[in-house]
Amino acid sequence: GNALPVLLAAEPLTSTTQTAHFGGQLDEVRIWEMERSGARILENFNRNVNGTEPLLVAVWRMEEATGTTAANGTASTLLDGTLEGGMTSLNRVDGVLLGDPLADQYALQFDGLDDYVQIADSAALNPSGSATTVQSVPSNRAALTGSSC
């Protein structure tokens, strides 16, 4: 690894500075320790994951109604994220309805200037082979994917 934190909605330059801030909403971010085809991503795009799927490294659902934590939905609480850049519970907006339609479902609104979620560097986030990141952007229902080897 490079000892830099993992950021959602921004890119780290150093451990304390960021660039390329995203403006818009993120509903869910998943990191898989495998490369997933576009067809497989689309097939599972609107399905909840329970956090125990094989090769699922982390999933941040952004479902917390209050506070400044973006909880990781897998067994590792070491991968919980922290809302940064002045983000508060006021950044929570209605998310895409998945699973239980009676449960409140949220997304995070990012201003594109200084908002982001920070996850501490972890060996779990440095896969040795291919990886896929999938982000749910509710405003246009698009999936953004990135793979690395």
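Residues numbered from 1 in each chain as written. Predicted model: local features only at pLDDT ≥ 70, side-chain atom pairs only at ≥ 80, totals over all residues. Heavy atoms only, no water.

## Details of the sheet that holds strand β7 (residues 69-70)
One open sheet holds the 4 strands; their spatial order is β1-β11-β8-β7, and the pairing between them is antiparallel. The open sheet is flanked by β1 (6-8) and β7, the only strands paired with a single partner. (Pairing = 2+ DSSP bridges. Helix = DSSP H or I, 4+ residues; strand = E, 2+ residues; numbered from the N terminus.)

## Quick notes on the sheet that holds strand β10 (residues 106-111)
With antiparallel pairing, the 3 strands of this open sheet are ordered in space as β4-β10-β9. Edge positions in the sheet fall to β4 (23-26) and β9 (92-94), since each has one partner strand and no second. In this sheet, adjacent strand axes meet at a mean angle of 35° when their direction is disregarded. Bridge analysis of β4 against β10 gives 4 bridges, and the strand direction is antiparallel. Directly across from Q25, in β10, lies its bridge partner Q109. (Axes fitted to C-alpha atoms, helices over the stretch in contact; angles between N-to-C directions.)

## Remarks on the pairing of strand β8 (residues 81-84)
Here β8 shows a buried face lined by G81 and L83 and an unburied face lined by T82 and E84. Judged from the 2 bridges that link them, β7 and β8 form a sheet pairing that is antiparallel. Its bridge partner lying in β8, A70 is registered against G81. Taken together, the 3 bridges between β8 and strand β11 (residues 116-119) define a ladder with antiparallel strand orientation. Paired with T82 across the strands is Q118, a residue of β11. (Buried < 20%, exposed > 50% of the residue type's maximum accessible area, 1.4 Å probe, protein only.)

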